[in-house]
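# Inside the fold
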Amino acid sequence: MSQKVIVIKEEVIKNFKILRAYWIEIVYWILSPLLWVLPLIFQGKALVGGLKSVAFEKLTGTSNYIAFVLIGAIISTYMFSSIWGVGNSLRWENYVGTLEFILNAPIHPIFIIIGKLISNTLQSTIFVVSQFLIVMLFLGVKFAFYKLLPILIGLVLLIMGLWGLGVGLSALTLLIKEAGGILHTVEFILYLFSPVRYPTNIHPITNFVSKFIPLTYALYIIRGTLLNIKINFWKNAFYLLVIDIILIPLGFFLFKKIYDNSRKKGTLGHY
Amino acid sequence: MQKIKHFLRAINAENIKEWKIEISYKTDFIRTFIEPIVYLLPYFFYGLAVVGGRHSDYLKKLTGYSDIITYILLGYVLMGFLGTACWAMGMAIRKELWYGTLESVFVAPVPRWVYIAGMALHSTLHQGLIMIFQTIVIALSFKIVLNLKNIWVALIPLILMVLSLYGLGILIAGLTLLVKQGWTISEAVYTLLTVITPIAYPLSVMPDFLQKVSKLSPTTYGILGVRYFLIGEKIPFSIESVFIRLIISIFVLTIFGFSIFLTIDKKLRKTGTLSHY
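Keep in mind the model is a prediction, meaning the values are calculated, not measured. (Residues numbered from 1 in each chain as written. Chains lettered and ligands numbered in written order. Predicted model: local features only at pLDDT ≥ 70, side-chain atom pairs only at ≥ 80, totals over all residues. Heavy atoms only, no water.)

### Re unusual backbone geometry
Residue A:N228 is not a glycine yet carries a positive backbone phi of 55°. Here A:N228 lies in the loop between α11 (214-227) and α12 (233-265). Take A:N228: its relative accessible area is 61%, and that puts it in the exposed class. With a phi close to 50°, B:K143 is a non-glycine residue in the positive phi region. Within the fold, B:K143 resides in the loop between α7 (112-141) and α8 (151-179). (Helix = DSSP H or I, 4+ residues; strand = E, 2+ residues; numbered from the N terminus. Buried < 20%, exposed > 50% of the residue type's maximum accessible area, 1.4 Å probe, protein only.)

Have a look at this one:
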């Protein structure tokens with residue numbers, strides 16, 4: 001096995017060991033996105049008096065606002081994981097005092113980042129699948145397996161784009177150090193302009209900005225498939241692919257540039 | 001008296017220290033004022049999408065008030081103080097552990113709760129400023145007119161709610177000492193209280209068992225009390241009973257929070273695991 005693959009594998013194992021040590025986090029990440037939806041369900045019930053909304057259907061193609069926000073909350077797990085799990089990962093190593101050790105390994109740090117990307121994707125997938133299973137079991141939602149393929153295509157394209165974003169953000173934490181604020185801002189911007197909790201086409205500005213966010217197209221594909229909303233699958237998949245083609249090289253380029261620059265200036269381990 | 005003065009000085013020193021740290025990260029400091037506004041917008045847009053307009057007849061039937069934007073704003077703005085308890089107070093000790101300054105802070109000649117109280121003071125002031133800014137910006141953007149005639153009396157349930165949340169903050173701080181990775185506790189309590197509090201909806205739309213749980217939380221009475229005075233929301237209890245329940249929760253949560261905090265602190269010092277990571 002090549003040295004690079006071993007490093008990636010060890011990084012994945014390390015992250016799973018850390019997650020297992022804080023087992024309560026696993027419960028938290030599985031349940032919290034589902035709990036966050038409850039206030040929106042109660043809010044919807046208080047506003048229209050039922051579980052369907054005609055006005056909502058005009059905007060989204062479905063009157064079932066509960067299913068709309070549930071899918072948004074579950075799939076957004078990937079986005080938050082890319083921002084915090086990958087984006088903040090080097091800063092976290094900095095906090096716990098292990099950044100210099102891992103960067104001193106005789107391998108380019110991008111392979112360590114790739115290990116973090118893979119472990120975060122695997123962990124997020126475990127959370128997302130568990131959430132879908134909970135929804136299917138407790139809410140009696142049925143799932144037709146022929147719908148799996150378009151959903152998987154949408155998810156893979158989304159994850160690839162988020163990898164680019166995560167790598168770019170992790171580079172940013174090498175540059176800015178106390179980048180928690182910036183990560184929070186990125187999280188809030190993506191959260192505001194993605195159709196996670198509401199249809200972004202309700203306002204021209206949110207509609208415009210949402211077109212640049214990969215989660216938007218992934219949610220169109222997944223909601224469209226699961227809720228039988230009429231969508232153009234190939235068009236949305238194509239847009240996602242275009243965003244991926246831009247985000248992935250951009251993220252890796254930023255990482256290389258900032259990493260090399262920080263090493264030259266000797267600011268890698270700065271707090 | 002001398003002792004109280006001594007404690008108050010330490011509380012204020014902690015408050016000033018926190019302001020200095022926050023202001024030194026300027027962008028981050030500015031973000032704390034903008035972020036809560038951004039946070040609220042999806043709830044507004046979601047409400048507008050579900051109703052198809054700004055006024056809901058069904059909400060009016062339930063609460064006596066139809067403007068969904070004002071209704072949602074008041075609920076979420078007040079919930080900002082829950083963050084004070086869960087994050088600022090609860091995570092105060094964990095932050096010092098991260099920075100490597102926990103032991104230095106803890107050898108100061110004051111009880112440990114004084115340190116948490118300083119964090120509470122700072123966070124309440126900061127959150128208060130955020131709340132005022134958030135309300136003004138959203139009120140101007142969405143042309144909201146509030147009945148400010150009752151503003152002073154509306155502050156009473158708000159203050160009582162914040163005081164009882166201090167007890168909760170102390171409790172979370174104690175549990176954070178014990179489990180170390182305390183953000184999960186802060187987040188879990190925050191999520192749980194967000195679910196059981198009638199933030200953007202009346203109690204009546206929640207399932208029966210959740211309504212019962214909701215009646216145990218001070219945030220329920222704080223929010224319903226403030227909305228009662230500012231927009232005349234119909235609430236399922238008398239306003240006197242809101243005050244009484246809030247006062248009871250101050251006593252219960254403070255005594256319970258302090259007991260847990262002091263017990264855990266004592267245990268960890270005995271076992272020498274206070275500064276474990």
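### Topic: the packing of aromatic side chains
Throughout the structure, instances matching the rule amount to 28 aromatic pairs over all chains. Plain terms: the ring middles of A:F56 and A:Y65 are 6.3 Å apart, the flat faces sit at 75° to each other, and that makes the pair edge-to-face. Across this residue pair, the class does not change: A:F56 and A:Y65 are buried. Aromatic pair A:F255 and A:Y259: ring centres 6.0 Å apart, planes at 5°, arrangement stacked. With a gap of four residues between them, A:F255 and A:Y259 both fall in helix α12, about one helical turn apart. Of the two residues examined, A:F255 and A:Y259, each falls in the buried class. Of the aromatic side chains, those joined through ring pairs into one cluster are A:F188, A:Y191, B:Y39, B:Y43 and B:Y76. Sitting over the face of the ring of A:F68, A:R223 holds its NZ or CZ atom 3.5 Å from the ring centroid. (Phe/Tyr/Trp six-rings, centres within 6.5 Å; stacked < 30°, edge-to-face > 60°. Lys NZ or Arg CZ within 6 Å of the ring centre and 35° of its normal.)

### Things to note about the packing of helix α8 (residues 148-176) of chain A against helix α9 (residues 180-193) of chain A
All names here are of chain A. At a closest axis distance of 10 Å, the pairing of α8 and α9 adopts a crossing angle of 150°. Taken together, the axis directions place α8 and α9 in an arrangement best described as roughly antiparallel. The segment α8 lies against α9, with L165, L169, L172, T173 and I176 engaging I182, L183, V186 and L190. For the contact of α8 with α9, a count of residues per class yields eight nonpolar, one polar and no charged. (Axes fitted to C-alpha atoms, helices over the stretch in contact; angles between N-to-C directions. Parallel < 35°, antiparallel > 145°, perpendicular 65-115°, else oblique. Contact = heavy atoms within 4.5 Å. Nonpolar A, V, L, I, M, F, W, Y, C, P; charged D, E, K, R; others polar.)

### Some words on the interface of chain B and chain A
Contact with chain B, which involves 40 residues of that partner, is made by 42 residues of chain A. Taking both partners together, chain B and chain A bury about 3700 Å²; carbon and sulfur atoms supply 73% of that area. Together, B:F45, B:Y46 and B:V50 form the three largest contributors to the area buried by chain B at its contact with chain A, with a combined 19%. Our count for the chain B to chain A interface comes out at nine residue pairs in polar contact (both at pLDDT 80 or more). A per-element tally of the side of chain B that touches chain A places helix α2 (residues 26-51) of chain B first, with 15 residues. Counted by class, the side of chain B that touches chain A contains 29 nonpolar, seven polar and four charged residues. (Buried area = accessible area lost by both parts, 1.4 Å probe. Polar contact = N/O pair within 3.5 Å; in protein donor to acceptor, adjacent residues only side chain to side chain.)

### Description of the nonpolar core
Of all hydrophobic cores here, the largest spans 119 residues; its most connected members are A:I75, B:F44 and B:L168. Examining the composition of this core, we find that 14 residues originate from one element, helix α4 (residues 68-89) of chain B, more than from any other. Ranked by size, the runner-up nonpolar core spans 19 residues in total, among them A:I107, A:V167, A:A171 and A:I258. (Core = buried A, V, L, I, M, F, W, Y, C linked by side-chain atoms within 4.5 Å.)

### Some details on the confidence of the model for chain A
Residues with a pLDDT of 70 or more make up 96% of chain A, whose mean pLDDT is 87. Averaged over each element, pLDDT in chain A is lowest for helix α5 (residues 89-95) of chain A (76) and highest for helix α10 (residues 204-210) of chain A (95). (pLDDT = per-residue confidence, 0-100.)

### Points about the packing of helix α1 (residues 3-21) of chain A against helix α2 (residues 23-48) of chain A
Residues and elements named next belong to chain A. Taken N-terminus to C-terminus, the directions of α1 and α2 make an angle of 90°; their axes are 4 Å apart at the nearest point. Here α1 lies roughly perpendicular to α2, going by the angle between them. Note on element contacts: α2 touches α1 through W23, E25 and I26, opposite L19, R20 and A21.

### Focus: the pattern of salt bridges
Side chains carrying opposite charge are able to pair once their charged atoms draw close together. Residue and element names in this part refer to chain A. Counting across every chain of the model gives nine salt bridges over all chains. With a closest N to O distance of 3.3 Å, K14 and E11 form a salt bridge. With K14 and E11 both in helix α1, this residue pair falls three residues apart, about one helical turn. Taking the shortest distance from any N to any O, the salt bridge between D260 and K256 comes out at 2.9 Å. Of this pair, D260 and K256 both sit in helix α12, four residues apart, roughly one helical turn. On the accessibility criterion, D260 (26% relative accessible area) is partly exposed. Among the charged side chains, a network of salt bridges with common partners joins E11, K14 and K116. (Salt bridge = Lys/Arg side-chain N within 4 Å of Asp/Glu carboxyl O.)

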